[in-house]
Amino acid sequence: MVIDAGIATDDNLKMIASKGYDYLCVSRVHLTKYTIDANAKTVSVYDNKKRKIELCRVKSERNNDYYLKVKSEAKKLKERSMNEQFQARFEEGLRKINESLSKKEA
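Residues numbered from 1 in each chain as written. Predicted model: local features only at pLDDT ≥ 70, side-chain atom pairs only at ≥ 80, totals over all residues. Heavy atoms only, no water.

1. Description of the pattern of salt bridges
Applying the stated rule across the entire model yields five salt bridges. R95 is paired through a salt bridge with E99; the nearest N and O atoms lie 2.2 Å apart. One end of the pair, R95, and the other, E99, are both in helix α2 (residues 73-102), four residues apart, so they sit about a helical turn from each other. One salt-bridge network, held together by shared partners, links E92, R95 and E99. (Salt bridge = Lys/Arg side-chain N within 4 Å of Asp/Glu carboxyl O. Helix = DSSP H or I, 4+ residues; strand = E, 2+ residues; numbered from the N terminus.)

Shown next as structure tokens:
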């Protein structure tokens with residue numbers, strides 16, 4: 001079963017597993033402590049635009065779930081672009097606030 005992270009709550013995942021289903025979802029938690037087994041293989045797959053995505057199984061201290069480390073240059077570029085756009089909008093907002101504070105009241 002492939003599910004969206006929005007519905008991948010602990011309760012929903014337990015219910016899915018209790019019904020005997022396996023599932024795949026984006027983790028709702030950001031793993032900061034994990035290890036990569038020395039024997040772990042990195043598998044390369046390609047998206048529909050032929051961009052490389054590297055997958056490697058990792059072990060988490062959190063629980064016994066199966067986690068994959070996903071490395072994608074395309075995703076990295078997209079996130080960088082989104083962060084730059086957010087920063088530019090934020091700085092533009094600060095500039096407008098600064099200008100409005102220095103204007104004389106009518």
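The rest of the description comes next.
2. Quick word on the confidence of the model for the protein
Of all residues in the protein, 95% have pLDDT values of 70 or greater, and the mean over the chain is 87. Ranking the helices and strands of the protein by mean pLDDT puts α2 first, with 93, and strand β4 (residues 67-71) last, with 80. (pLDDT = per-residue confidence, 0-100.)

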